[in-house]
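Results of the structural survey
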Amino acid sequence: ASNSPPGPSRGRPDVPPPLRRARAGAMCPARDHEAGHGFAPNPRRKTKERAAYCALYSKPLPKVPGVARPHNGDEGALFHRRPDGVLADPAVPYIQISQAGPACAGPCVEQLLAGTPLPKGAAEFSSLHVVSAAGAGASSRAASLAASARGSGKRACCYAWPALAPSDLAGEYEAFFSITSEMILNGADRASLLVFVAAEGGREEMAVAAILGMLPFRGVQVAFVTDSAEYCDPLGRLPSASGLFEYCAEQPERMGRCPLAAIFGPLEGRTFSRPLAAWRPLKPAPVPEEKPAPFKIGAMELPMVTYEGEYRAGVERLAGLLRGHFGEALFPVVAVGETGDALGYGSDIHAALGRGGCEGYYFAHASGESFKRPDAYGRPELLAAIAAAKRAGRRVVVVAVGGGVNGNAMGMIAALTGADFVEVPTTLMHYNDATTSAKKAFSLVVNGQILSKNILGTFYLPQLVFCISEVFLTLSSCSVHAAVGEAAKTMSMLGKASSAAGQQDFHNILGAAEFASDFTRVIHTVPGFERLILFLRETGRLKEQAMAAGRALHEAGASAEGGALETERREVLARLRGQFHGLPEASRREVMAFLTAINEEVIKAKAMFLAYSDPFEKYRALLFEYAHTLGHGVEAFMNGLYRRAEDLGIDYSEAFRLHGQCVGMAVLWAGEMSKEAGHLEDAGYMAHQSLVYLFNRYGGFDFAPLRRLCDELDVSQEEFCEGVLRVVRRDNKRGYCACAPGSSVDQLVRARPGCLLRSADPSAELRYLVEVSEESQSRVLERAFEGEYDKVLVFAEASETQASSEAHEGLSIVARGDAAAPGPSEGHASSARAAAALDALLGRLYMSS
């Protein structure tokens, strides 16, 4: 990786920082996360674009309590500006083909490459992927285009849309994902061009082209080639031949995204455009039991509420909101994973809706990252139920009840079918991380092995996020650690964004002051985190008893035995909740303080970037991908090992790690790579690593259990490292910047938390995505495999602290085997002292910035 010079900008003092840097043409300060409006080969052009950008967003934000105002008197800084809207109305150009040969010859490759708008940040299309509609004519033209592209030195691949009966719902669904999966395996990236050669050029073929284009990397540019003698509007509702799948670019849930980038045909050129439809989400009227969480994406408000009353009352409240908003035509598709199904979280909502006269479809599905794939969710019976409801004129509403995988996957089903979408999180990660993003996706999974995470997806907003807080009492320890792992990632890349130094770090994030986060607030809630882990362990048997009753109920159905099992499950869960409410008030307050802080700060952090600056998470908001390169890699590789262990009857529960836990481990690895490269040292290194180690008292980020599973399966260190790197080579950030052989796109940190390393390439579209060698990644993976990062953060008075390069403010990072094991009360107090010392260390680092 390369580092930018850390010195200050020395441009004219009367020029705002973004313009000053563009005119000077020098490197920006390393603490500035310049991205989507960064440097380009033509500085003069970029200067004009920056000026227009700054002039557009001229509405000042109101004073936000706790957020420092700029000291330089520059009230025009983007940080304190807020536009009324940031989403563009969809528009698609129709380009008349200039015929050099027979009329049926169609456009040449040069016309397609020159006429189709490039994706932002790309200098050229990296490859062509030509899909032909069913029919010999389209197939021959597609083959000719691909051959012509190859002849001009452009990599090109051909695919064929199959001839399907209109009633073949499963065939359509399978074709969408088989073609796009093959594209990924053939090396498609974000800068690839998908060319769809139509046979007839009507709405059904446009629907196929649009859906194919929306899936790889959540959207590649599509050139639609037609010889139709009539225009076809690409922005209205485009249904597939079956009528089940559809794409409508004016639908506000899609935020103006239109994969069809250009249409090439024989008619006179024109531009299709229409305004984005009004966004009318389900915003509940305030009631005392509900706590809203302010959140925006693309300047559109996304209602997020937590129901803090009794669970049963929360279920009835949600059912009433859905009936009131969607009306009598409501057809709910309630989807839930295995754990939520066993605990009754999905069936309770489905039954409440049914009692109100809204019969729908209940869909229980397999859980886990290995099942985050198209075939696990696009079940024929589910597709048939949605198709029948649409034909009957019902309003289909997909209600995703469960964790982040459930929300992502069912969001895909809603997006593919044009259904309304509501999310009901039952995990912290689903609530504060997955729902605070329009991204929905499947992974590329082959024979149970995850080849690439979240590579096939789209952008699609829910109308409501409704969380019932009592469901958090049945979380697993893994799930809580996962939420903390993602939070540690955000603490590392964001830090104290509401401080004066934080504002300088993120000065170019449009409207950030409205949601500016102080993520270090989470540090002080570590006693509540530890008390929650202990409570979940103590009530684990009650949870298992409730789930056993739920699984038996699933088998018994509507029999008399089923009624008894339902009663048993309800009573056991009531006892579990009663144990929490029976805790000392101080303990309950600490747990609630942890849950409140981690939810509020993650939501605010995401809103800082997604509200106005980068709603599609393709530029500045890619900061949230910090530690995800190796995190996704180890997660995918270990999921393959879990499958092998299951086949052999080996218990892998101790080694099981969720996505956020893998990210938490990868935060440590990123810190180590940053230190190795000379970008992070001393107090900055201590602070960065401590953000994970503070929360590692119960070993949620230790690698040792994974190592034991590897040993049991005869997986060597070499096989582990290579298996992780194989996934990294298909990372979904590839295509944003070029990678030399033997390197990958990654992110590193410098100086302190909140300062991500920036690329030295002055034309890099994303300044904080840098090349990192596989050798560097392999070294930290090897050390992790040997348990070198299985450590904890401890605090001792100054007189007790041994002199050490890793000791600051009385803090030390020590190997787990060297750490004392205090009892619960003593341990909570020790963690609180460590948190206070870490906060002091971070304060000192920010003061010196």
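Residues numbered from 1 in each chain as written. Predicted model: local features only at pLDDT ≥ 70, side-chain atom pairs only at ≥ 80, totals over all residues. Heavy atoms only, no water.

Here's the deal with the packing of aromatic side chains
Put simply, the test is: Two aromatic rings from Phe, Tyr or Trp, using only the six-membered ring of Trp, form a pair when their centres are within 6.5 Å; if the ring planes differ by under 30 degrees the pair is stacked, by over 60 it is edge-to-face, and anything between is tilted. Secondary structure is summarised from DSSP: a helix means a run of H or I of at least four residues, a strand means a run of E of at least two, and numbering begins at the N terminus for each. Exposure is judged per residue with a 1.4 Å probe applied to protein chains only, and the accessible area is read against the type maximum: over 50% gives exposed, under 20% gives buried, and values in between give partly exposed. Throughout this description, the term charge over a ring refers to an Arg CZ or Lys NZ atom that lies within 6 Å of the ring centre and within 35 degrees of the ring normal.
Using the criterion set out here, one finds 23 aromatic pairs in the structure. Measuring from ring centre to ring centre gives 5.0 Å for Tyr642 and Tyr652, while their planes differ by 10°; the resulting arrangement is stacked. Residue Tyr642 is located in helix 20 (residues 628–647), and its partner Tyr652 is located in the loop between helix 20 and helix 21 (659–676); the two are separated by 10 residues in the primary sequence. Classification of Tyr642 as buried rests on a relative accessible area of 3%. Taking the centre distance of 5.2 Å and the plane angle of 70° together, the rings of Phe703 and Phe720 count as edge-to-face. With a gap of 17 residues between them, Phe703 in the loop between helix 22 (682–693) and helix 23 (704–712) and Phe720 in helix 24 (residues 717–728) connect regions that are remote in the sequence. In this structure an aromatic cluster arises from ring pairing among Trp161, Tyr173, Phe176, Phe177, Phe245, Tyr377 and Phe442. The cationic tip of Arg577 hangs over the ring face of Tyr311; the distance from NZ or CZ to the ring centre is 4.4 Å. It is Lys675 that lies over the ring of Tyr685; its NZ or CZ is 4.2 Å from the centre.

Concerning the sheet that holds strand 17 (residues 420–425)
Within a sheet, neighbouring strands are paired by backbone hydrogen bonds and run either parallel or antiparallel to one another. For the record, the criterion: Here, a strand pair is defined by DSSP locating no fewer than two bridges between the strands. Whenever a helix is involved, its axis is fitted only over the stretch in contact; in every case the axis is a line through C-alpha atoms, and angles between N-to-C directions fall within 0 to 180 degrees. Note on definitions: a residue-residue contact is assigned when non-hydrogen atoms from the two residues lie within 4.5 Å.
In spatial order, the strands read 10-13-20-17-16-14-15; together these seven strands make up an open sheet with mixed pairing. Pairing within the sheet leaves two strands with one partner each, and these edge strands are strand 10 (290–292) and strand 15 (361–364). Put simply, the sheet's adjacent strands are angled 20° from each other on average, direction ignored. Bridge count between strand 10 and strand 13 (residues 304–307): three bridges; the pairing is antiparallel. Directly across from Lys291, in strand 13, lies its bridge partner Thr306. Contacts from helix 9 (residues 345–355) reach strand 14 (330–336), strand 15, strand 16 (395–402) and strand 17, with the element oriented near 170° to strand 14.

Points about the pairing of strand 21 (residues 743–746)
Residues Ser743 and Val745 line one face of strand 21 and the alternating positions Ser744 and Asp746 line the opposite face, and both faces are buried. Taken together, the four bridges between strand 21 and strand 22 (residues 770–773) define a ladder with antiparallel strand orientation. In the strand pairing of strand 22, Val745 is matched with Glu771.

A look at the confidence of the model for the protein chain
Heads up, the rule is: Confidence of the predictor in every single residue is expressed as pLDDT, which spans 0 to 100.
Overall, the predicted model of the protein chain reaches an average pLDDT of 87, with 86% of residues at or above 70. Within the model, pLDDT remains below 50 along residues 1–76, and this stretch shows 166 contacts once partners closer than five positions in the same chain are excluded. Across residues 100–104, confidence stays below pLDDT 50; counting only partners more than four residues off in sequence or on other chains, it has one contact.

Here we look at helix 5 (residues 169–185)
Here is the rule: Helices are assigned an expected span. That span is 1.5 Å times one less than the residue count. Here a polar contact is taken to be a pair of N or O atoms separated by no more than 3.5 Å, where protein atoms must pair a possible hydrogen donor with a possible acceptor and residues adjacent in sequence count only if both atoms sit in side chains.
For helix 5, with 17 residues, the first-to-last C-alpha span of 25 Å sits near the 24 Å given by 1.5 Å per residue. Counted residue by residue, helix 5 has 12 buried out of 17 residues, so it is predominantly covered. Measuring from the side-chain oxygen of the N-cap residue of helix 5 to the backbone nitrogen of Gly171 gives 2.8 Å; that N-cap residue is Asp168. Count one or two residues on from helix 5 and you reach Gly187, which has phi positive near 95°.

Here's the deal with the nonpolar core
This is how it is decided: The criterion is simple. A nonpolar core is a set of buried Ala, Val, Leu, Ile, Met, Phe, Trp, Tyr and Cys residues joined through side-chain atoms within 4.5 Å.
One finds Phe609, Trp669, Phe720 and Leu838 to be the most contacted residues of the largest nonpolar core, which totals 172 residues. Here this core gets 11 residues from one element, more than from any other, and that element is helix 19 (residues 585–610). Each residue touching Phe609, except ones within four places of it in the same chain, is listed here: Leu494, Phe506, Ile509, Asp614, Pro615, Arg620, Ala621, Leu623 and Phe624. One finds Ala146, Leu244, Phe331 and Phe421 within the second-largest nonpolar core, a separate group that totals 93 residues.

Structural notes on the sheet that holds strand 3 (residues 155–160)
With mixed pairing, seven strands are arranged side by side in an open sheet as 3-2-4-5-8-1-9. Each edge of the sheet is formed by a strand with only one pairing partner; in this case those strands are strand 3 and strand 9 (270–273). Strand-to-strand twist of the sheet, defined as the mean angle between neighbouring strand axes without regard to direction, takes the value 20°. Examined bridge by bridge, strand 5 (residues 221–225) and strand 8 (residues 260–265) share four bridges and lie parallel to one another. Across the sheet, residue Val222 finds its bridge partner in strand 8, namely Leu260. Sitting on the sheet, helix 6 (residues 203–214) is in contact with strand 2 (127–132), strand 4 (193–197), strand 5 and strand 8, with an inclination near 165° to strand 4.

Focus on the pairing of strand 3
What counts here: Crossovers are marked right-handed if the path from the first strand over the helix to the second runs clockwise, as seen with the strands pointing away from the viewer.
Taken together, the six bridges between strand 2 and strand 3 define a ladder with parallel strand orientation. In the strand pairing of strand 3, Ser127 is matched with Arg155. A crossover links strand 2 with its parallel partner strand 3, the connecting element being helix 4 (residues 136–151), and its sense is right-handed.

Thoughts on the pattern of salt bridges
Quick note on the threshold: By salt bridge we mean one thing: a side-chain nitrogen of Lys or Arg within 4 Å of a carboxyl oxygen of Asp or Glu.
Taken as a whole and assessed by the stated rule, the structure comprises 42 salt bridges. The partner of Arg141 in a salt bridge is Asp227, and the shortest N-O contact between them spans 3.8 Å. A residue pair is termed long-range when its members are at least 10 positions apart, and Arg141 in helix 4 and Asp227 in the loop between strand 5 and strand 6 (237–239) qualify at 86 residues. Judged by relative accessible area, Arg141 falls into the buried class, the value being 15%. In this structure, Glu369 and Lys453 form a salt bridge, with 2.8 Å as the shortest nitrogen-oxygen distance. With Glu369 in the loop between strand 15 and helix 10 (374–377) and Lys453 in strand 19 (residues 449–459), this pair connects stretches of sequence that are 84 residues apart. Both residues of the pair, Glu369 and Lys453, belong to the buried class. Beyond isolated ion pairs, a larger network of salt bridges with shared partners links Lys291, Arg521, Glu600, Glu601 and Lys604.

A closer look at the environment of His628
Locating His628 in the fold gives a position in helix 20. With 36 residues separating them in the primary sequence, His628 and Gly664 have C-alpha atoms 9.2 Å apart. Setting aside chain neighbours within four positions, we find His628 in contact with Glu486, Lys489, His659, Val663, Asp731 and Lys733. There is a polar contact of 3.5 Å between the side chain of His628 and the side chain of His659.

Some words on the environment of Glu205
Within the secondary structure, Glu205 is located in helix 6. Residues Glu205 and Ser240, 35 residues apart in the sequence, show an inter-C-alpha distance of 7.2 Å. Excluding residues that lie within four positions of it along the chain, Glu205 makes contacts with Ala133, Phe196, Ala198, Ala199, Glu200 and Phe224. Separated by 3.1 Å, the side chain of Glu205 and the backbone nitrogen of Ala199 make a polar contact.

Thoughts on helix 21
In a regular helix each residue adds 1.5 Å, so 18 residues correspond to 26 Å; helix 21 covers 25 Å between its end C-alpha atoms and thus fits that length. The element helix 21 is largely enclosed, with a buried count of 16 among its 18 residues. One or two residues past the end of helix 21 sits Gly678, with phi positive at roughly 85°.

So, the packing of helix 21 against helix 25 (residues 774–785)
This is how the line gets drawn: Roughly parallel refers to an angle under 35 degrees, roughly antiparallel to one over 145, roughly perpendicular to one between 65 and 115, and oblique to any angle outside these ranges. The sense of a crossing depends on the near helix, which, turned anticlockwise from the far helix by less than a right angle, makes the crossing left-handed and, turned clockwise, makes it right-handed.
Helix 25 packs onto helix 21 with a crossing angle of 125° between their chain directions and a minimal axis gap of 10 Å. As far as their axial angle goes, helix 25 and helix 21 are oblique. Pair helix 21 / helix 25 crosses with right-handed handedness. Each of Trp669, Glu672, Met673 and Glu676 in helix 21 lies in contact with helix 25, whose residues at this interface are Ser776, Gln777, Arg779, Val780, Leu781, Arg783 and Ala784.

Focus on unusual backbone geometry
The backbone phi angle of Asn454 is positive, close to 50°, even though this residue is not glycine. Relative to the helices and strands, Asn454 is located in strand 19. Note on Asn454: relative accessible area 11%, which makes it buried.

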